[in-house]
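# Remarks on the overall topology
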Amino acid sequence: MKAYGPQDIRNVALIGHGGTGKTSFASAMLHTAKAVNRFGKVEEGTAPTDYEEDEIQRKLSIASSLAFVEWEKAKINILDTPGYGSFIADSRGPIRVSDSALIFVSAVSGVEVMTGKAWEYAEEFKVPRILVINKMDRENASFDRSLASVRENFGRLAVPVFLPLGQEKEFAGVVDLVKGRAHRYAQDESGSYTEGEVPASMAEEAAKARAELVEMVAELDEKLMEKYFEAGDLTPEELSAALKIGIAQDKIFPVLCASALRNIGVADIMNFLVEFAPPANARSSFRATPVGGGEEFDVPADVDAPASAFVFKTISDPAQGRITIFRVVSGRVPADATLINPSKDASERMAGLFHLRGKDHVKCEEAQAGDIAAVMKLKETVTGNTLCAKERMLVFPPVKYPIPAISFAVEPKSRGDEDKIMAALQRMVDEDPNLTVSRDPQTHETLVSGSGSQHVEVVAARVQRRYGVEMNIKQPKVPYRETIKGRAEVHARHKKQTGGHGQFADIQIKMEPLPRGAGFEFKDEIFGGAVPRNFIPAVEKGMLESLDRGVLARYPVVDLRITLFDGGFHPVDSSEMAFKIAAHMGFKEAMEKCRPTLLEPVMLVEVVVPEENMGDVMGDLNSRRGRIQGMSQKGANQIIKAQVPLAEMLTYASTLKSLTAGRGTFSMEFAAYEEVPAQTQQKIVEEAKQAKEAEQE
Ligand SMILES: Nc1nc2c(ncn2[C@@H]2O[C@H](COP(=O)(O)OP(=O)(O)OP(=O)(O)O)[C@@H](O)[C@H]2O)c(=O)[nH]1
Ligand SMILES: [Mg+2]
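Residues numbered from 1 in each chain as written. Chains lettered and ligands numbered in written order. Predicted model: local features only at pLDDT ≥ 70, side-chain atom pairs only at ≥ 80, totals over all residues.

## A look at the nonpolar core
Using the following cut-off: The term nonpolar core refers to a set of buried Ala, Val, Leu, Ile, Met, Phe, Trp, Tyr and Cys residues connected through C-beta atoms within 7 Å. Three exposure classes are used, based on other C-beta atoms lying within 10 Å of a residue's own C-beta, which is placed from the backbone: buried for 20 or more, exposed for 12 or fewer, and partly exposed in between. Labels follow the DSSP assignment, with helices taken as runs of H or I lasting at least four residues and strands as runs of E lasting at least two, numbered in each case from the N terminus.
With 162 residues, the main nonpolar core has Ile103, Leu131, Val132 and Leu256 as its most contacted residues. Of the residues forming this core, the biggest block, seven residues, is contributed by helix H9 (residues 266–276). With 25 residues, the next largest nonpolar core counts Met543, Phe579, Ala590 and Cys594 among its residues.

Here it is as structure tokens:
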């Protein structure tokens, strides 16, 4: 297919709470633009952007996926993202590379927990936001109520640009307030419409809404304001031009409406995107660091500049191998080009360049700045990497993902599959930035860490389906950490005289705490060769190894500094090994003297419950060492925000279910590491001791 230039590309992320119709909307766009030959449905397992087997089974999106339509001379790149709490973090990459986001809100439920999260993500990446009130056809759909809920949550900058023509069963189309026309859609789901006058019954409502829009837009610019005061209105051209600027600058959040399922309003939203959403060259949100040092600089979507691309997603396809998906940030990437991956010091060939439409590959000869494309069989490149031309080597910072909240130990169902499982999980990590796999240094178990139990279950099911290995998921583990509260100096000497060659190393170190989140620092203050230069890295390495297991309960140690300030050596008997052993000894002794303590992850928990269950739910959160941080009303429900240690949340889902007769929902994310209260510490330390003893028997 032909290559589009940045001015004709719209990168649009579909984001929002689970089940609000993002995938259905993507499907309706594809159908309306005749990019597919049938209208795929989530309920029938045929929606193009929910193509994975588990997505089809569960009828929801698990990972983000891509599609595109060619519409009104533009290419709209659609980034369909998951909305459920366990999967929503996967939307971060797609949002990062988008130039606008459609935030989906159900016309029945209004703003929900993850609507807020999606909004925050878009805000964090400074992506202009357009709200879509979807499911206008459903029973109990209400545009006004949903709009009120949007404004309550996101403020008065959210302003309708469309009004619905009827609602619930009667929903038939939209009134476009900019053009002042009504579009009535065909009932056959084709997405076509006939244009006409705004119906007389809506004239007053539409005039009022338009006046509100015009006023908001006029406020953006003094000249427009004057004009508006004099003439009492703006021309459609003035309104359009100012609206475009308002959206790009986050000064207006247009509110649109649709029914994805019945394909009503979708064509209008596509027109809206082409006309009003920022094109791929409108903003320069890509700052890069030059390879080899130098000032950070902006990389605009300039087609004539040297090529650069940012990898925001990887798919591990068991049959086809790795698919690497990127946004071309600058220049052109022709098929077969060779680009450099500076982080991996590798050069990669872009053989067989294509665009993705669900699982289908649409071949292309070239992708220009602003476009999104994919390539198979790159050797080294992973999500978060930069690819660039050797004429201008640079690196874009990777997208940050939340620290996985919960770790589960997994084991193969059949013995001997350990290596297979590890290899399969590694592939899963390639495609899922919210997943980490590690080995528990104490129990040697394989640990899978993700956003919650549902996430890890999905991963296990994928591993089984794709790679044919089954695993058991054990009780979740809380990723405790150890740190210190005091400071100490110790002198450690490792000396062994056995027959011939002896071993000798002598070090003096200082250990002191660092602020939370600082990690580990090693400082070398050796002067005059008390410890020879070539052995100092061995001391540091020994310390790093020691960090894997603290002295309290063998959890990783964080937030401390070790300074090596003196020592001694023997011209024959000293070796790297001897210094490493001395480091281990010194570390252990110092940590014991430094008032070691345990840290635990504390989660930010948001619970949505019916009014009448408030008391019980609050009481229960208190008993879980929870600190309530706020409450707010949302329709007939209450939202409770609290900070609760993860250790107390492992069984929460079932408790909440029974406390609220299944009506309560919650989400949680990692907030911070905090010190474990003394009593609880004792228990954990005791358990670790027993585990160690059991291991040694
Ligand atoms: N009545 C009605 N149902 C809709 C509409 N849009 C989506 N649905 C239904 O709502 C359910 C969820 O739709 P999806 O398109 O999967 O929603 P989603 O936002 O992609 O959900 P996640 O990917 O899980 O976040 C499905 O059963 C759809 O058929 C709509 O406009 N009207
Ligand atoms: Mg979806």
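## Here we look at H9
For H9, the buried fraction is high: eight of the 11 residues fall into the buried class. Turning to H9, its buried residues number three or more, namely Val266, Ala267, Asp268, Ile269, Met270, Phe272, Leu273 and Phe276.

## Observations regarding helix H11 (residues 453–467)
Counted only if it meets this: Expected helix span is taken as 1.5 Å per residue step, with the number of steps being one fewer than the number of residues.
Compared with the 21 Å implied by 1.5 Å per residue over 15 residues, the 21 Å span of H11 between its first and last C-alpha is a close match. When H11 is considered as a whole, its buried residues turn out to be His455, Val456, Val458, Val459, Ala460, Arg462 and Val463. Positive phi shows up at glycine 468, right after H11, with a value of about 70°.

## Regarding the sheet that holds strand S24 (residues 394–395)
The cut-off we apply is this: Pairing between strands is defined by DSSP: at least two bridges between them are needed.
If you trace the three strands from one edge of the open sheet to the other, you get S13-S12-S24, paired in antiparallel fashion. The open sheet has two free edges, formed respectively by strand S13 (297–298) and S24, since each of these has just one partner strand. For strand S12 (residues 287–290) and S13, the ladder comprises two bridges, and the chain directions are antiparallel. What sits directly across from arginine 287, in S13, is aspartate 298.

## Considerations on the sheet that holds strand S7 (residues 162–165)
To be explicit about the condition: Comment: axis = line fitted to C-alpha atoms, over the contacting stretch for helices; angle = value between 0 and 180 degrees taken between N-to-C directions.
Strands sit in the order S7-S8-S9-S10 across an open sheet of four strands; the sheet is antiparallel. Every other strand in the sheet has two partners, leaving S7 and strand S10 (193–196) as the edge strands with one partner each. Put simply, the sheet's adjacent strands are angled 25° from each other on average, direction ignored. Pairing of S7 with strand S8 (residues 173–176) involves four bridges; the strand directions are antiparallel. Bridge pairing in S8 links phenylalanine 162 to aspartate 176.

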